[in-house]
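# Summary of structural features
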Amino acid sequence: MPGIRLIERARGAGDAPAVASGGERHSYADLLRASAGVAGTLLDGAEDLKETRVAFLIPAGLEYAAALWGVWRAGGIAVPLSLGAAAPELEHVVTDAGVRAVLASRPLRGRIEPLCRRLGVRLLCVEDTLGTETSALPRVASERPAMILYTSGTTSKPKGVVTTHANIEAQITSLVEAWGWREDDHIPLFLPLHHVHGIVNVLGCALWSGAFVEAFESFHLERILERVGEKVYTLFMAVPTIYVKLIQALESAAPEERQRWVEGFAAMRLMVSGSAALPASVHERWTALTGQKLLERYGMTEIGMGLSNPLHGERRPGAVGQPLPGVEVRLVTESGDVVGGEDQPGEIQVRGPAVFREYWNQPEVTKTSFVDGWFRTGDMAVLERGYYRILGRLSVDIIKSGGHKLSALEIEDVVRQHPAVAECAVVGLADATWGEIVAVAVVAEKGTDLDLPGLQAWAGERLSRDKIPRRLLVVPDFPRNAMGKVVKPAVRELFE
Ligand code: MLC
Ligand code: AMP
């Protein structure tokens, strides 16, 4: 019976550095010890957590990796929480997933304590668990569920995407093969750790490969550039917004400093972009500045990574390449026909061992998300000269901002509760830095005032930063179709 191979492999890496955080380097042996401590504390004498959901609110670093592995080694399901989530968002995840225990880093404990107390959920400081002596840990079969990640969709509230250990292993091994991960790789990790990009592509692949991850608690531009200038990294993975911000930083830097950073980027063996469309102009500007040709790939929480430009060969700006190892991809037209050749658009459908098992507690939604065993991504693409190119989403209600997938419907449900809002419509507007920004058109309650700073302050209590409206338009009514339904593309035009 195969167990959690990611963790089994770590035994062979021993004293090699695994994670740097808090100014210290921690080896694979340290990580195994720390995660055993987490597992032992969670088990508290039980044999196996038997799929108990354990959430955690921990920044990137040894404690995060130990919590993730500790939950897995104890037979639990890991539910990583967003460090930027507002209180109602945390409550949604904790209640929807039926979380029984939360691991928090000491500085963040206060943020989740009232919720845990109210719901009767066990709350532990991760720092207190790392040194715990542990006796036997269960053998966890690879078919068992490992993780629930929350992702926005065409329903209002985010849904839980359940992946098994085997799914995660397939997601990791596909990338390790395609991108040639090596044990001497060294990568900075600054992406949020409640998404596959940070968890699987960076942390998972690195730890699978015996490589070294340097963790930052968030995207700290200056500190990251400083380390880039020291030429320590071999790999770099980020969302397009980060490349836009890096371009701005390089362009405005003093010549000497800029030269140091450019040399640091140029020295890397691979730089990857994904999670949102990388504009060809950004791709080309980055090459002009650093000599690096970004490798763009396409993925999704439900499937891990699906399509990628090659490690060796043409990396085409504006395209996402070909299916990754172990991933089957097809395009299907609106009428349900499988696209046979090039230049005909269709919805991307994906099949293979990396594809998630189910949406948590949503059997009907899970069922309708698959057709004949193929997962329907909701993304449109076309095959051109051997490479797929993403055309956009089927739903206008999905917004991608800074690499975060947002549901317009979820934001509308919150904004509608504002006392000055009678009706509202949320749309994404194209933005050079963020890809898209959140814009809201509002029909105001009679006799009320509404301005953007006021709405933002109010929304900040209820929504994470990426979901906060950046534009506001008060309108007498919305453009509607003959059935009275709001026409979103026409709402978008109101902002132009
Ligand atoms: C923040 N700001 C925004 C914003 N987010 N403005 C517009 N739109 C947004 N989405 C504003 C803030 O209010 C603030 O304004 C200023 O920008 C700086 O905020 P910040 O939070 O400090 O920004 P920063 O740390 O620079 O964050 C940007 C970022 C972050 C790009 C680093 O958004 C990020 O980590 N994104 C990655 C998300 C990710 O990993 N996605 C992968 C999903 S998995 P002010 O006025 O206060 O200065 C997936 C599958 C796959 O998609 O294929 O990978
Ligand atoms: P998430 O649900 O957060 O995992 O986001 C997945 C979505 O991000 C996909 O369905 C796509 O819409 C989008 N996405 C990821 N990578 C790319 C890319 N390279 N180009 C365009 N869109 C992308």
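Let me sum up the structure you'll find in this document.

Cut-offs and rules
Residues numbered from 1 in each chain as written. Chains lettered and ligands numbered in written order. Predicted model: local features only at pLDDT ≥ 70, side-chain atom pairs only at ≥ 80, totals over all residues. Heavy atoms only, no water. Near = heavy atom within 4 Å. Polar contact = N/O pair within 3.5 Å; in protein donor to acceptor, adjacent residues only side chain to side chain. Areas by Shrake-Rupley, 256 points an atom, 1.4 Å probe, with all protein chains shown as cover. Helix = DSSP H or I, 4+ residues; strand = E, 2+ residues; numbered from the N terminus. Nonpolar A, V, L, I, M, F, W, Y, C, P; charged D, E, K, R; others polar. Buried < 20%, exposed > 50% of the residue type's maximum accessible area, 1.4 Å probe, protein only. Contact = heavy atoms within 4.5 Å. Core = buried A, V, L, I, M, F, W, Y, C linked by side-chain atoms within 4.5 Å. Pairing = 2+ DSSP bridges. Axes fitted to C-alpha atoms, helices over the stretch in contact; angles between N-to-C directions.

## Quick look at the site of ligand 2
With respect to spatial proximity, 16 residues lie near ligand 2, and among them E296, R297, T301, D379 and R393 are the closest. Interatomic distance of 2.6 Å between a side-chain N/O atom of T301 and an oxygen atom of ligand 2. Here K400 contributes a side-chain N or O atom positioned 2.9 Å from an oxygen atom of ligand 2. Here ligand 2, which alone exposes 500 Å², has 93% of that area covered by the protein. The dominant element in the shell around ligand 2, judged by the number of residues it contributes, is strand β13 (residues 295-300), at five residues. A breakdown of the residues in the shell around ligand 2 according to their chemical character gives six nonpolar, four polar and six charged.

## Describing the site of ligand 1
As a structural note, the neighbourhood of ligand 1 is formed by 25 residues, with S275, R297, K400, S401 and G402 the closest of them. Within the side chain of S275, an N or O atom sits 2.6 Å from an oxygen atom of ligand 1. K400 is positioned such that a nitrogen or oxygen atom in its side chain is 2.7 Å from an oxygen atom of ligand 1. Contact with the protein chains removes 75% of the 1100 Å² of surface that ligand 1 exposes when unbound. When residues of the shell around ligand 1 are traced back to their parent elements, those giving at least two are α8 (196-209), α10 (240-252), β13 and β22 (398-401).

## Considerations on the side chain of S464
With respect to the helices and strands, the residue S464 is situated in the loop between α15 (452-460) and β26 (471-474). Residue S464 is classed as buried on the basis of its relative accessible area of 6%. Apart from residues lying up to four places away in sequence, S464 is in contact with G84, A85, A86 and E89.

## Side note on the nonpolar core
Membership of the largest hydrophobic core comes to 88 residues, with the highest contact counts inside it found for L68, W69, W72, L103 and W181. Each residue touching W181, except ones within four places of it in the same chain, is listed here: L175, V176, I187, N201, V202, C205, A206, S209, A211, L235, M237 and R269. Judged by nonpolar contacts, the second largest core, of 29 residues, contains F216, L246, L278 and V282.

## Here's the deal with unusual backbone geometry
One non-glycine residue, S275, adopts positive backbone phi at about 90 degrees. Counting through the fold element by element, S275 comes out in the loop between β12 (270-273) and α12 (280-290).

## Overview of the sheet that holds strand β9 (residues 186-189)
Across the sheet, which stays open at both edges, the four strands sit in the order β2-β1-β10-β9 with mixed pairing between neighbours. Strands at the two margins of the open sheet, each flanked by one partner only, are β2 (24-27) and β9. Averaged over all neighbouring strand pairs, the angle between strand axes comes to 20 degrees, with direction disregarded. Pairing analysis gives four bridges linking β9 to strand β10 (residues 212-215), with the strands arranged parallel. Paired with H186 across the strands is F212, a residue of β10. Across the sheet, helix α2 (residues 28-43) touches β1 (17-21) and β2, and the angle it forms with β2 is around 80 degrees.

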